[in-house]
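Summary of the model geometry
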Amino acid sequence: MKWIACFCLIILSLLIGCTAEPETAVIQLSALQPVPEASVTAVKPLRVAVAAIISPQGTADSYAPLLNYLGAALDRPVQLVQRRTYAEVNELVQNGEVDLAFICTSAYVAGERDFGMQLLAAPQVQGQTVYHSVLLVPADSRAQTMADLRGKVFAFTDPISTTGRNYPISLVQQLGQSPETFFGRTFYTYSHDDAIRAVANGVADGAAVDSLVYAFAIQREPELAAQTRIIHQSPAFGMPPVVTGTDARPQLVAELQNVLLHMHEDADGRAALQQAGFEQFVLVDDADYDTVRSLELSVNNQP
Amino acid sequence: MSLLTKPPVTRKRFSGISTPFFPWLAARLWHFIGAVSVRTKILGIVLGLVLLLGIVTTLEVRAMSQRALTQRLAEQSVSVARDVAARATDLILINDLYALHQLLEETRRNNPDVRYVFVIDPDGAVLAHTFGSGFPAELLAANAAPVDAHHHTVALVTDESTVWDTAVPIFNGQAGLARVGLSAASVQATVRTLTGQMLLTTVMVSAVGIAAAVLLTWIVTRPILELKTAAEAVGQGDLQQQVRPWADDEIGDLAIAFNTMTTDLARAEQERAEREHLRAQLLEKVIAAQEEERRRIARELHDETGQALTSLMVRLQMMNQQCPLPELKPQMEDLRDGLAETLDNIHKLSMELRPSVLDDLGLQAALQRYVQDYNRRYPVQVDLLVVGLEEERLPPPVETAVYRIVQESLTNIARHAHAANGSVLVERRHGRVRVIVEDDGIGFDPQQVARNGRLGVYGMKERAELLGGTLTIETEPGQGTSVFVEVPL
Ligand SMILES: Nc1ncnc2c1ncn2[C@@H]1O[C@H](COP(=O)(O)OP(=O)(O)O)[C@@H](O)[C@H]1O
Ligand SMILES: [Mg+2]
């Protein structure tokens, strides 16, 4: 008789185990309402665009202290705005949707030509306000010059990048070729660090990147130095500048310029600069970008 | 009155229930189980075991699969959410909301269990979602994850099904939060299908079990039923019954033992019948010899002794008439009287031994003579009625037997019954002879008499049975006695 009782208990416990469910409020998944809007912040943030010289996450990481420093100096919240391409950032600058923009040299040249983009300053790195395009191949590649990359896969960074596109195309054109016929295949990575990684991983047989970004990248990820090799370096180009939005108030422009030019003078500012890979900000002249202009002209006017 | 008697009844019933539960239950169960046939028992055992096993296994498998599948769903929810968070980071940072939306839709399409995916920005605004035209407001606050968390999963009870909702911070929360909900509906459906399948299997196995049990019962009970039929036949006296031992098992052994038993019984019965036959033959011979002897002695007494005494009597008569001595006359008178008495006694003795009337005139005349004599001799008044014997005499053995039975019965009445009246009926009808001898005397206990070893009643019975007839005595102390005899012709 005992086993009958035991059996009944087992069955009972099984049944209870099956029916016990956590008691929570029921959420109505089918009751759809208008999408909740973000609460509008009372203070208008300072909007800073950073062109996709490096990947969006890399940008967010390395510019965060700099933006925080700006916010603290101006006593305003700062909003980082990123876009996939240089052209989209230029559009933001042109439409006044950002107050400040860190952009690439060719973007500046285009913006200056198209809508009179205003220079604010440029970072100085290792005492210089110039940078180069470096031609990278995988460490185990036998390529020595651009000529050796014929028929290979080549990674461009951005359609209007000086170092990532215009300069390597100029090299191809010097060989009397067009990139479409010279390379086996090309693609855009939309950022320099992704182009470096593409070469390091062997996804691309070659890529040209910003020398500053390369130096910064191998400093952060030393294994990239072992996986890639520089086979060529371009002449110097003017530093990628900092520009202001078209409709920015002159007072704000002056204020921003003041903060940028003096931020290396205090410890917080230096730390923020160092995180972004800069020494300090200096004033630059539009003429510094003439080499970029002429390169762009020669590349884009080629048939 | 009835109101007063009711409470004790109720109390008694309660006290019945208060006896230990399990022995009571066992008794009840045995009451039911014992009442059903072997077929039902076997069927019950098979079905019970199959159903028990089936249901317990089903429940166990159901619970286990539910647990395992649910856990896998929760894990899948985490992996999908982390994947979405990783792939959404750049899209959010560069504000490519269309691509973000595509990513979410694609994720939902590629994972059938994914009920929804959405991304909220650090300010809590929904950046992209897969709900289409609107958004379920309650869902937003239903789950959250700290910016440094790997993930946070909760089970949400929704109007559709349980949803395993995982929240994963994107880019350490700087780009917001990804939320993925995996519906447990398919898990439930799988578990349901599994349960249904197992129950179906149980039912099917039960059906097979029933068939097997029916076959088994047939195999097991067929020899038993056969044995039962044979035993009943043996009980009714058919000792030729033999059963076939179906298998070399216990029931087979039983069949063999049964066969041995009927064979032994048959042999014993045969021996008994032979002995009985011998005994009857012997008895018949003894009785026949006895009757013959009696007849001879009676005839001798009648013919020889009777004749001799009669001639003596005649000569004494003559002597008496011619006797010259008057003084001798009284003596000769005495002598003649004594002789006459002796003659009478001899006549009576020969009658008693075997009335010649029986042989010469038949049963009716003999009985009439006997009853007449009897009534004269004893203080009992006996009536005699003989029916159907006028035309044709009965066979001599039957006549003798009936005469002796009536003789013994009447003698018993005279000796033991203290009766005032008696009656004798002898009737021939439908090829049988029926004899009834009754008295209104003190009666007796036939059981006790049978044990006393008296031979009178026993002899009557034997005579009746030797002729293939029956004799029964109906009597009770103080109720008189009736002797019924029936003999076929
Ligand atoms: N008609 C009768 N009335 C009363 N008792 C009887 C009668 N017939 C037989 N018995 C009883 O049955 C007994 C057995 O009778 P029976 O076998 O004829 O033996 P027996 O006459 O030699 O005693 C008798 O002793 C008597 O007690
Ligand atoms: Mg007697």
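Keep in mind it's a predicted model, so treat the numbers as computed, not measured.

Conventions and cut-offs
Residues numbered from 1 in each chain as written. Chains lettered and ligands numbered in written order. Predicted model: local features only at pLDDT ≥ 70, side-chain atom pairs only at ≥ 80, totals over all residues. Heavy atoms only, no water. Helix = DSSP H or I, 4+ residues; strand = E, 2+ residues; numbered from the N terminus. Buried < 20%, exposed > 50% of the residue type's maximum accessible area, 1.4 Å probe, protein only. Areas by Shrake-Rupley, 256 points an atom, 1.4 Å probe, with all protein chains shown as cover. Donors = N, O, S within 2.8 Å, 3.2 Å for Na, K, Ca; no water. Pairing = 2+ DSSP bridges. Right-handed = clockwise from strand over helix to strand, strands pointing away. Contact = heavy atoms within 4.5 Å. Buried area = accessible area lost by both parts, 1.4 Å probe. Salt bridge = Lys/Arg side-chain N within 4 Å of Asp/Glu carboxyl O. Polar contact = N/O pair within 3.5 Å; in protein donor to acceptor, adjacent residues only side chain to side chain. Nonpolar A, V, L, I, M, F, W, Y, C, P; charged D, E, K, R; others polar. Core = buried A, V, L, I, M, F, W, Y, C linked by side-chain atoms within 4.5 Å. Domains from an automatic or database assignment. Near = heavy atom within 4 Å. Phe/Tyr/Trp six-rings, centres within 6.5 Å; stacked < 30°, edge-to-face > 60°. Lys NZ or Arg CZ within 6 Å of the ring centre and 35° of its normal. Axes fitted to C-alpha atoms, helices over the stretch in contact; angles between N-to-C directions. Patch = residues over 30% accessible without salt bridge, like charges linked within 9 Å, V, L, I, M, F, W, Y side chains within 5 Å. Lys, Arg positive; Asp, Glu negative; His and termini not counted. Charge placed at Lys NZ, Arg CZ, Asp CG, Glu CD. pLDDT = per-residue confidence, 0-100. Parallel < 35°, antiparallel > 145°, perpendicular 65-115°, else oblique. Left-handed = near helix turned anticlockwise from the far one by under 90°.

Assigned secondary structure in chain B consists of 13 helices and ten strands. Each of the 489 residues in chain B was classed as buried or not, and the buried ones make up 35%.

On to the overall build of chain A. When helices and strands are tallied, chain A shows twelve helices and 13 strands. Put simply, chain A has 303 residues, and 50% of those count as buried. A total of about 14400 Å² of accessible surface is found on chain A, and carbon and sulfur atoms cover 53% of it.

Looking now at the coordination of the magnesium ion (ligand 2). Summarising the metal site, the magnesium ion (ligand 2) is bound by the protein donors B:Glu408 (OE) and B:Asn412 (OD1), whose distances to it range over 2.2 Å. Of the two residues, B:Glu408 and B:Asn412 are both situated in helix 11 (residues 396-417); the distance of four residues between them amounts to about one turn of the helix.

Each regular strand shows side chains that alternate between the opposite faces of the sheet. All names here are of chain A. Where strand 1 (residues 46-50) lies against strand 2 (residues 78-82), five bridges are found, and the strand directions are parallel. Each residue of the ladder has a partner; that of Arg47, found in strand 2, is Gln79. The handedness of the strand 1 to strand 2 crossover, carried by helix 2 (residues 56-74), is right-handed.

What follows deals with the interface of chain B and chain A. Quoted interface sizes are often the accessible area lost when the parts come together. Facing the 39 residues of chain B at the interface are 29 residues of chain A. Together chain B and chain A conceal approximately 3100 Å² of surface at their shared face, both sides included; 67% is due to carbon and sulfur atoms. Considering only the side of chain B, the residues that lose the most area to chain A are B:Ile94, B:Val157 and B:Asp159, jointly responsible for 19% of the buried surface there. Summed over the shared surface of chain B and chain A, the number is one salt bridge. With a shortest N-O distance of 2.8 Å, A:Arg84 and B:Asp96 are connected by a salt bridge. In this assembly, chain B and chain A are joined by eight residue pairs in polar contact (both at pLDDT 80 or more). Ranked by the residues each element gives to the side of chain B that touches chain A, the list is headed by helix 3 (residues 38-93) of chain B, at nine residues. Class assignment of the residues belonging to the side of chain B that touches chain A gives a composition of 24 nonpolar, six polar and nine charged.

Residue and element names in this part refer to chain B. With the rule as written, the count across this model stands at 35 salt bridges over all chains. Between Glu269 and Arg272 there is a salt bridge whose closest N-O contact spans 3.1 Å. On the criterion of helical spacing, the pair formed by Glu269 and Arg272 is a turn pair, its members being three residues apart in helix 7 (residues 250-322). Arg272 gets classed as partly exposed once you look at its relative accessible area, which sits at 43%. The residue Glu291 makes a salt bridge to Arg354 at a minimum N-O spacing of 2.6 Å.

Turning to the nonpolar core, a few remarks are in order. Burial of nonpolar side chains together is a common tendency in soluble globular proteins. Core analysis: the largest hydrophobic core is formed by 88 residues, its most contacted members being A:Phe102, A:Ile103, A:Met146, A:Leu149 and A:Phe281. Among the domains, domain 1 (46-126 + 240-285) and domain 2 (133-234) of chain A are the pair contributing at least three residues each to this core. Excluding anything up to four places from it in sequence, A:Ile103 contacts A:Ala51, A:Ile53, A:Val89, A:Asn90, A:Tyr108, A:Met117, A:Pro240, A:Pro241 and A:Val243. B:Leu358, B:Val382, B:Ala464 and B:Val483 belong to the second-largest nonpolar core, a separate cluster that totals 34 residues.

Turning next to the site of ligand 1. All names here are of chain B. Ligand 1 sits among 15 residues. The nearest are Glu408, Asn412, His416, Gly456 and Val457. In the model, an oxygen atom of ligand 1 is placed 2.9 Å from a nitrogen or oxygen of the His416 side chain. Contacts to ligand 1 include Gly456, whose backbone N or O atom sits 3.0 Å from an oxygen atom. Against a free-state accessible area of 530 Å², the protein chains account for coverage of 85% of ligand 1. Looking at the shell around ligand 1, the elements with two or more residues in it are helix 11 and helix 13 (456-466). Looking at the shell around ligand 1 element by element, the count peaks at six residues for helix 11.

Now for the side chain of B:Glu462. Residues and elements named next belong to chain B. Residue placement: Glu462 occurs in helix 13. At a separation of 3.3 Å, a polar atom in the side chain of Glu462 contacts the side chain of Arg279. Apart from residues no more than four positions distant in its own chain, Glu462 is found in contact with Arg279 and Leu283.

Moving on: the packing of aromatic side chains. The full count for this structure, using the stated rule, is 22 aromatic pairs over all chains. For the ring pair B:Phe131 and B:Phe135, a centre distance of 5.2 Å and an interplane angle of 85° mean the geometry is edge-to-face. Just as B:Phe131 is buried, B:Phe135 falls in that class too. Through a chain of ring-to-ring contacts, three or more aromatic side chains come together here, namely A:Phe154, A:Phe156, A:Phe182, A:Phe183, A:Tyr188 and A:Tyr190. A:Arg84 extends its terminal NZ or CZ atom over the ring of A:Tyr190, reaching a point 6.0 Å from the ring centre. Sitting over the ring of B:Trp218, B:Arg222 keeps its end group 4.3 Å from the ring centre.

A word on unusual backbone geometry. Of note in this structure, A:Tyr190 is not a glycine but carries a positive phi near 65°. Relative to the elements of secondary structure, A:Tyr190 occurs in the loop between strand 8 (185-188) and helix 7 (192-200). On the basis of relative accessible area, A:Tyr190 is assigned to the partly exposed category, the value being 27%. Notably, B:Asn95 is not glycine yet its phi reads approximately 60°, a positive angle. Topologically, B:Asn95 is positioned in the loop between helix 3 and helix 4 (97-110). The class for B:Asn95 is partly exposed, based on a relative accessible area of 37%.

All names here are of chain A. Judged by pairing direction, the sheet is mixed, and its six strands sit side by side in the order 2-1-3-12-4-13 without closing on themselves. For this open sheet the edge positions go to strand 2 and strand 13 (280-282), each flanked by a neighbour on one side alone. Within this sheet the neighbouring strands show an average axis-to-axis angle of 25°, counted without direction.

With that settled, the discussion passes to a negative patch on the surface. All names here are of chain B. Taken together, the side chains of Asp248, Asp249, Glu250 and Asp253 make up a negatively charged region of the molecular surface. Tracing the backbone shows Asp253 in helix 7. Here Asp253 falls in the partly exposed class, since its relative accessible area comes to 46%.

What follows is about a nonpolar patch on the surface. Judged by side-chain polarity, B:Leu29, B:Trp30, B:Phe32 and B:Ile33 come together as a nonpolar surface patch covering roughly 430 Å² of accessible area. If you trace the backbone, B:Trp30 turns up in helix 2 (residues 21-35).

We now examine the confidence of the model for chain A. Residue and element names in this part refer to chain A. Confidence in the prediction for chain A averages 87 pLDDT; 89% of positions are at 70 or higher. Within chain A, strand 6 (residues 133-138) carries the highest mean pLDDT (96), whereas helix 1 (residues 2-19) carries the lowest (54). Contacts from residues 17-22, a stretch scored under 50 in pLDDT, to residues over four places away or in other chains number two contacts.

Residues and elements named next belong to chain B. Interhelical geometry of helix 11 versus helix 13 gives an angle of 160° and a closest axis separation of 10 Å. On the basis of the axis angle, helix 11 is roughly antiparallel to helix 13. Between helix 11 and helix 13 the crossing geometry is left-handed. Two secondary-structure elements touch here, helix 11 through Ala401, Arg404, Ile405, Glu408, Ser409 and Asn412 and helix 13 through Gly456, Val457, Met460, Arg463 and Ala464.

Turning next to the sheet that holds strand 6 of chain A. All names here are of chain A. Here five strands make up an open sheet; going across it, the order is 8-7-9-6-10 and the pairing mixed. Either end of the sheet is taken by a strand with one partner, and the two such strands are strand 8 and strand 10 (228-233). Between one strand axis and the next, the sheet turns by 30° as a mean value, whatever way the strands run. Pairing geometry for strand 7 (residues 153-156) and strand 8, over four bridges, is parallel. By the bridge assignment, Phe154 is partnered in strand 8 with Thr186. Across the sheet, helix 7 lies against strand 6, strand 8, strand 9 (206-210) and strand 10, angled at about 150° from strand 9, the strand it touches most. Sitting on the sheet, helix 8 (residues 211-220) touches strand 6, strand 9 and strand 10, and the angle it makes with strand 9 is about 95°.

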